[in-house]
Structure formats: structure tokens, C-alpha cells
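Architecture and fold: a report
Here is what each chain is made of, one letter per residue.
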Amino acid sequence: MSEMTEAEFWAALAPVELKTVTYRLYHDDHGFPLFYSMEDLPGKYIDIDQETYANPPTHARVIDGKLVLTHRPTVVKLRPGEFGIPCHPSDVSIVVSEHKPHIKWSLR
């Protein structure tokens, strides 16, 4: 077995491909944060920096494609409607089958 020279050693190494790391905040149609990820997943998202990814703000929304910090939590109301999650007619906290009596509730 012959020894490899330093030049042969470096020539034998495959070049390392560096991948760009992206940090994303996925959000719903109203701009409310859903989750943070470094993966390319389906859904609406904005690119964020590593600091925001590591220390996500507790009160934030996405407005016009930008992360905006809010000083207080945003309140959204559940309202009955034609579309939404089917719930028991007398208790909105119980999700039922669409084949049973129900009222559909959604965030608006």
C-alpha cells in the first residue's frame, strides 16, 4: 500500500457544498404566527433572521409581509357561520361530525 502525498489527499476530498440556511415564520391569512421552521413547507411565510428564530417574540403579527410587534395580545372572536369547524350546538368547545347537529364556528 503506497502512501498518499498531501496534494493527492486534498485532491481526493470532494468539495463540500454549503447550503443556505433560511429561517421562516409561517402564518395564517390574518397574519397570526403558526410556527417557525427552517424547512420549505407549504403555506404562507416570511423570511426572518436567526435572532428572531432563536428568540421568537410572544406578541407579533405579519402585516404587509413584515413582522410587526404588538404591545398587547390581539383578540379574535369565534363567530358562527357557513364555513368553519362543526361544534356541538350548545358547547363550542366540543367538535362533532358534520353528520350530527352542529353549528360551524370560525375566527373572523
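The preceding data block contains the structure.
So, a few notes on the structure that sits alongside this text. (Residues numbered from 1 in each chain as written. Predicted model: local features only at pLDDT ≥ 70, side-chain atom pairs only at ≥ 80, totals over all residues. Heavy atoms only, no water.)

**What about the nonpolar core?**
The cut-off we apply is this: Only buried residues count toward a nonpolar core, which is a set of Ala, Val, Leu, Ile, Met, Phe, Trp, Tyr and Cys residues joined through side-chain atoms within 4.5 Å. Buried residues are those whose accessible area, probed at 1.4 Å on protein chains only, stays under 20% of the maximum for their type, while exposed residues exceed 50% and partly exposed ones sit between those limits. Secondary structure elements follow DSSP: runs of H or I no shorter than four residues count as helices, runs of E no shorter than two count as strands, and numbering proceeds from the N terminus. Between two residues, a contact is recorded if the distance between any of their heavy atoms is within 4.5 Å.
With five residues, the main nonpolar core is built from Tyr 23, Leu 25, Ile 46, Ile 48 and Val 62. Only strand S1 (23-27) and strand S3 (44-48) provide two or more residues apiece to this core. What Ile 46 contacts, discounting residues up to four positions off in sequence, is Tyr 23, Arg 24, Leu 25, His 27, Val 62, Gly 65, Lys 66 and Leu 67.

**Things to note about the packing of aromatic side chains**
For clarity, the cut-off: Centres within 6.5 Å are what make two rings of Phe, Tyr or Trp a pair, Trp counting through its six-membered ring; a difference in plane orientation under 30 degrees is then read as stacked, over 60 as edge-to-face, and the rest as tilted. The rule is short: NZ of Lys or CZ of Arg within 6 Å of the ring centre and within 35 degrees of the ring normal puts a charge over the ring.
In total, this model carries four aromatic pairs according to the counting rule given. Aromatic side chains Tyr 23 and Tyr 53 sit 4.9 Å apart centroid to centroid with 45 degrees between the ring planes, which places their arrangement in the tilted category. With Tyr 23 in strand S1 and Tyr 53 in helix H2 (residues 50-54), this pair connects stretches of sequence that are 30 residues apart. Take Tyr 23: its relative accessible area is 15%, and that puts it in the buried class. For Tyr 53, a relative accessible area of 27% corresponds to the partly exposed category. Both rings, one in Tyr 26 and one in Phe 35, keep their centres 4.8 Å apart while their planes meet at 15 degrees; by these two values the pair is stacked. By relative accessible area, which is 36% here, Phe 35 ends up partly exposed. Taken together through their ring pairs, the aromatic side chains of Tyr 26, Phe 35 and Tyr 45 make up a single cluster. Positioned above the aromatic ring of Tyr 45 is the side chain of Arg 24, whose terminal nitrogen or guanidinium carbon lies 4.1 Å from the ring centre.

**Things to note about the environment of Val 76**
Tracing the backbone shows Val 76 in the loop between strand S5 (66-69) and strand S6 (78-88). The class of Val 76 is partly exposed, set by a relative accessible area of 31%. Separated by 31 residues in the primary sequence, Val 76 and Leu 107 place their C-alpha atoms 6.5 Å from one another.

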